[in-house]
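Commentary on secondary and tertiary structure
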Amino acid sequence: HTMNMGIQQILPGETAWAHRHSIAAMRFVVEGAPGAKTVVDGEPCPMEDFDLILTPQWTWHDHHNPSAKPVSWVDILDIPLMRSLNQIFYQPYDEIAQKERPPSERLGSRFGIVRPVWEEESAHRAAVPMRYPWSEVEPRLKALLGHDGSPHDGIALEYINPITGGSTLPTLSAWVQWLKPGQKTARHRHTSSAIYFCVRGEGRTIADGVELNWKARDCFVLPNWCWHAHENLRAGEEAVLF
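Thresholds applied
- Each chain carries its own residue numbering, running from 1 in the written order of its sequence.
- At least 70 in pLDDT is required for a residue's local features to be given in this predicted model, at least 80 for side-chain atom pairs to be given and counted, and no such filter applies to totals for whole chains, interfaces and linings, which use all residues.
- In computing side-chain values, all of the structure's heavy atoms are included and hydrogens and water are not.
- Working definition of a nonpolar core: buried Ala, Val, Leu, Ile, Met, Phe, Trp, Tyr and Cys residues. They are joined through side-chain atoms within 4.5 Å.
- The buried label goes to any residue with under 20% of its type's maximum accessible area, the exposed label to any with over 50%, and the partly exposed label to all in between, with areas taken from a 1.4 Å probe on protein chains only.
- Numbering of helices and strands runs from the N terminus; a helix is a DSSP stretch of H or I covering at least four residues, while a strand is a stretch of E covering at least two.
- Here a polar contact means two N or O atoms within 3.5 Å. Within protein one must be a hydrogen donor candidate and the other an acceptor candidate, and residues neighboring in sequence count only if both atoms are side-chain atoms.
- The contact definition used throughout considers only heavy atoms, calling two residues in contact when any of these lie within 4.5 Å.
- Cavities and pockets are found on a 1 Å grid laid over the protein atoms alone: a cavity is a set of points where a 1.4 Å probe fits but cannot escape, a pocket is an open set with protein on both sides within 12 Å along at least five of seven lines, and a lining residue has an atom within 4 Å of such a point.
- Grid points are joined across faces, edges and corners, and a volume is the space filled by probe spheres set on the points.
- Here the term charged refers only to Asp, Glu, Lys and Arg, the term nonpolar to Ala, Val, Leu, Ile, Met, Phe, Trp, Tyr, Cys and Pro, and the term polar to all other amino acids, Gly among them.

So, on to the nonpolar core. Core analysis: the largest hydrophobic core is formed by 31 residues, its most contacted members being F28, L52, W134 and Y159. Taken together, the elements giving at least two residues each to this core come down to β3 (25–31), β6 (52–55), β8 (71–77), β10 (130–132), α2 (134–143), β11 (155–159), β12 (174–179) and β13 (194–200).

Here it is, written out as structure tokens:
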């Protein structure tokens, strides 16, 4: 296996102290809140429901929740891979929280179809702090519902690195898939293992003959090289999986 999964939560008024490590992480927000954020190398990333936030290897990060309700997310990390390479390092920051970049220096304004011409392209690293707002991802899913999509995964989209056009991180890729009402996918397998979080809907995944039933906010995992197929069990509602 190349990755670990966990659920992390910060309570109202809590700050998770700044630190960094050689482990790369992705955070898929289960329950966000106004003002909640993760700061990655000075880049503030708001934490709203179903947002995806990247913490690349060796980037400083701290989590903040000034709201009146708990904030939680799914943590996906490449710990097993880094452990097998004997390359796990950890360093605390000198202070509880790092200083945020001013708006004019934030990377978010450098992503997309335009970028400042006075900055060297080589200054942009392949692994960068990144937030993928659900408010932008979900409409892209819906826009493709007229298409048949993949016979194995339905309407499936991959989160991409905006600089390289490749996967989110060198060791971790992220997808989101929409299964139409009653849809059954074709069986397949691949060399990568997979961690799933159900955004909404209800269904089941048959993995090497084992039936995994899931509904909204459930997590399940599939080992690498495991035959699997998905089924949306509701005839009148879509199922959405991260």
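Following the structure, the description resumes.
Let us look at the side chain of N65. Along the chain, N65 falls in the loop between β7 (61–64) and β8. Here the side chain of N65 touches S67 through a polar contact of 2.6 Å, side chain to side chain. Not counting residues up to four positions away in its chain, the partners in contact with N65 are I10, L11, P12, G13, E14, A33, A36, P70 and V71.

By volume, the largest pocket amounts to about 710 Å³. If you go around the largest pocket, you meet 22 residues; those closest to its centre are M130, R131, Y132, P133 and E136. If one sorts the elements of the lining of the largest pocket by residue count, strand β5 (residues 43–46) sits on top with 4 residues. Taken together, the residues of the lining of the largest pocket sort by class into 14 nonpolar, 2 polar and 6 charged. Within this model, the second largest pocket holds a volume of roughly 480 Å³. Lining the second largest pocket are 22 residues, with M3, S173, W175, S193 and A194 positioned closest to its centre. Those elements that place two or more of their residues in the lining of the second largest pocket are β12 and β13.

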